[in-house]
Amino acid sequence: INAEYMGHSECLFFFEFVLSLILAAPSSAFSRSGHSVLFSSSSLLLPLPLMDYAHDFIAKGFQQILPAGVVREDEIVTQAAIYYLMLSVGGILMYLTFASQAFHIVFVWKTATRFRPRTIPNEGLLEQVRQEVRVALMSIPRMAILMLPFPVLAHRGYSRLYRDVEEMGWCYLLLSIPLFIFVTDFLVYFIHRGLHHSALYQRIHKLHHTYRWTTPYSSHAFHPIDGFAQGVPYYLFIFVFPLHNVLWVCMFLFVNFWTISIHDQVDFGIFSTVINSTDHHTIHHVDFKYNYGQYFTLWDRLCGTYKPARQTHSLLSGRILASSASPAAGYKG
């Protein structure tokens, strides 16, 4: 985390805290309620989600750096502090790691022959990336505050997350994947469209539309309220529908990967009539009136906001197609 955006004392505290976590790490998995954190009580021995392990890991770090007796894992204040660190620090690390990998592949690696979109001039690319990263690093910790009640309530047993596959069966486990995607896609469509209302767009959503042509770093460059609003459906789901806790983490990662991928301007044209592909989202950033969906084109088609996408790159070679060579090809904003 660049000291340009954090004071030196904050940077020092952050690294001291991370170091304390490393030094505090036990030789075996932490235990809570008599069960290994690495395995569930299920006879299938499915691994517990990363959030459970991270929760115990951070709690152990707190116990090392704070006076004895201060940290009590059953207190809501302690749980809130732990989950805030997980959402903020974990969110920043995940964003920087995966957005940087995607950016390197698309905008840096073999730029003369593969991937590199022609929409952003080289002289403006670095400044755009700096702006997007700055917005994301400022917003993610604030989004974490707004999101905090959901993981804390889930930790305290108020959600419908479950650990044992046998509780709901393998059939439901598999069906819950498309159910999660369908329900959240429906909710995100209408929330996203609502953010484009004149009463909300200028104050909240316009920040994400600062640049018409996006990079992977654009994915999390939101106003905190914007990121919160579009993230709420993924938490609401686990309070309405049963979902296995390991699957919940997998879907959480999938959502973030998807969000990064649809901002990289690389569209291979795979099932683009059904899937809300990268070019659909590029059209949305160029012409704000279309393609509000997250995963599918269904709701855009039903609600009259659909605009067809085009294939921008060859799947086999990664090369830009001739029809995509011009920054304005096929688009009118």
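Because the structure is predicted, anything quoted here is derived from the model rather than measured.

Next up on the list: the overall build of the chain. Secondary structure summary: the chain contains 11 helices and four strands in total. Counting all 333 residues of the chain, 47% fall into the buried class. Pairs at least 24 apart in sequence give 69% of the contacts found in the chain among residues at least 6 apart. By element, 66% of the accessible surface of the chain is carried by carbon and sulfur atoms, the whole surface being about 16,600 Å².

This part covers the nonpolar core. Phe-180, Tyr-234, Leu-243 and Trp-248 are the most contacted members of the largest nonpolar core, which totals 32 residues. Residue assignment for this core shows that the elements contributing at least two residues are helix H3 (76-108), helix H4 (122-147), helix H5 (149-155), helix H6 (165-195), helix H8 (224-240) and helix H9 (245-261). By residue number, the principal contributor to this core is H6, which donates seven residues. Counting residues in each nonpolar core, the second largest holds 21 residues, with Leu-125, Val-133, Met-143 and Val-266 among its members.

This part is about the pattern of salt bridges. All told, the structure shown has three salt bridges when counted by the stated rule. Between Asp-279 and Arg-310 there is a salt bridge, with its nearest N and O atoms 3.8 Å apart. Here Arg-310 lies in the segment after helix H11 (298-303) and Asp-279 lies in helix H10 (residues 278-286), a separation of 31 residues in the sequence. A relative accessible area of 3% places Asp-279 in the buried class. Accessibility expressed as a relative area gives 22% for Arg-310, which makes it partly exposed. The closest approach of N and O atoms between Asp-287 and Lys-289, which form a salt bridge, is 2.9 Å. Among the residues examined, Lys-289 registers a relative accessible area of 51% and is labelled exposed.

Another point: empty space enclosed by the protein. Applying the stated criterion across every chain yields a total of two cavities of 30 Å³ or more. As a volume, the second largest cavity reaches approximately 90 Å³. Looking at the second largest cavity, the residues that line it are Gln-131, Glu-132, Val-135, Leu-207, His-208, Thr-210, Tyr-211, Thr-214, Ser-218, Ala-221 and His-285. Counting residues per element, the lining of the second largest cavity draws most heavily on H4, which supplies three residues.

Attention now moves to the confidence of the model for the chain. On average, the chain scores 79 in pLDDT, and the residues at 70 or more come to 70%. Low pLDDT, under 50, characterises residues 1-48; the stretch is placed with 70 contacts to residues that sit more than four places away or in other chains.

With the rule as written, the count across this model stands at 21 aromatic pairs. Taken together, a centroid distance of 5.0 Å and an interplanar angle of 15° make the contact between Phe-103 and Phe-107 stacked. Placement of both Phe-103 and Phe-107 in helix H3 is noted, with a separation of four residues, approximately one turn of the helix. Exposure remark for Phe-107: the relative accessible area of 4% places this residue in the buried category. Members of the aromatic cluster, connected to one another through ring pairs, are Phe-182, Phe-186, Tyr-189, Phe-190, Tyr-292 and Trp-299. Directly above the aromatic system of Tyr-306 lies the positively charged group of Arg-301, at a separation of 4.0 Å from the ring centroid.

This brings us to the packing of H8 against H9. Here H8 crosses H9 at 165°, and the two axes come no closer than 11 Å. Here H8 is positioned roughly antiparallel relative to H9, judged by the angle of their axes. Considering the relative orientation of H8 and H9, their crossing is right-handed. From H8, Tyr-234, Tyr-235 and Ile-238 reach across to H9, where they touch Trp-248, Phe-252 and Val-255. Residue classes in the contact of H8 with H9 are distributed as six nonpolar, no polar and no charged.

Okay, unusual backbone geometry next. The residue Phe-271 is not glycine, and still its phi comes out positive at about 50°. Mapped onto the secondary structure, Phe-271 falls in the loop between H9 and H10.

As a further point, take the packing of H6 against H9. Running from N to C, H6 and H9 point in directions that differ by 35°, and their axes come no closer than 11 Å. Our pair here, H6 against H9, has a crossing hand that is right-handed. Touching Leu-173, Ser-176, Ile-177, Phe-180 and Ile-181 of H6 are Leu-247, Trp-248, Met-251, Phe-254 and Val-255, all from H9. Residue classes in the contact of H6 with H9 are distributed as nine nonpolar, one polar and no charged.

Calculation criteria
- Residues numbered from 1 in each chain as written.
- Predicted model: local features only at pLDDT ≥ 70, side-chain atom pairs only at ≥ 80, totals over all residues.
- Heavy atoms only, no water.
- Helix = DSSP H or I, 4+ residues; strand = E, 2+ residues; numbered from the N terminus.
- Buried < 20%, exposed > 50% of the residue type's maximum accessible area, 1.4 Å probe, protein only.
- Contact = heavy atoms within 4.5 Å.
- Areas by Shrake-Rupley, 256 points an atom, 1.4 Å probe, with all protein chains shown as cover.
- Core = buried A, V, L, I, M, F, W, Y, C linked by side-chain atoms within 4.5 Å.
- Salt bridge = Lys/Arg side-chain N within 4 Å of Asp/Glu carboxyl O.
- 1 Å grid on protein atoms, 1.4 Å probe; cavity = no way out; pocket = protein on both sides within 12 Å on 5 of 7 lines; lining within 4 Å.
- Points joined across faces, edges and corners; volume = space filled by probe spheres on them.
- pLDDT = per-residue confidence, 0-100.
- Phe/Tyr/Trp six-rings, centres within 6.5 Å; stacked < 30°, edge-to-face > 60°.
- Lys NZ or Arg CZ within 6 Å of the ring centre and 35° of its normal.
- Axes fitted to C-alpha atoms, helices over the stretch in contact; angles between N-to-C directions.
- Parallel < 35°, antiparallel > 145°, perpendicular 65-115°, else oblique.
- Left-handed = near helix turned anticlockwise from the far one by under 90°.
- Nonpolar A, V, L, I, M, F, W, Y, C, P; charged D, E, K, R; others polar.

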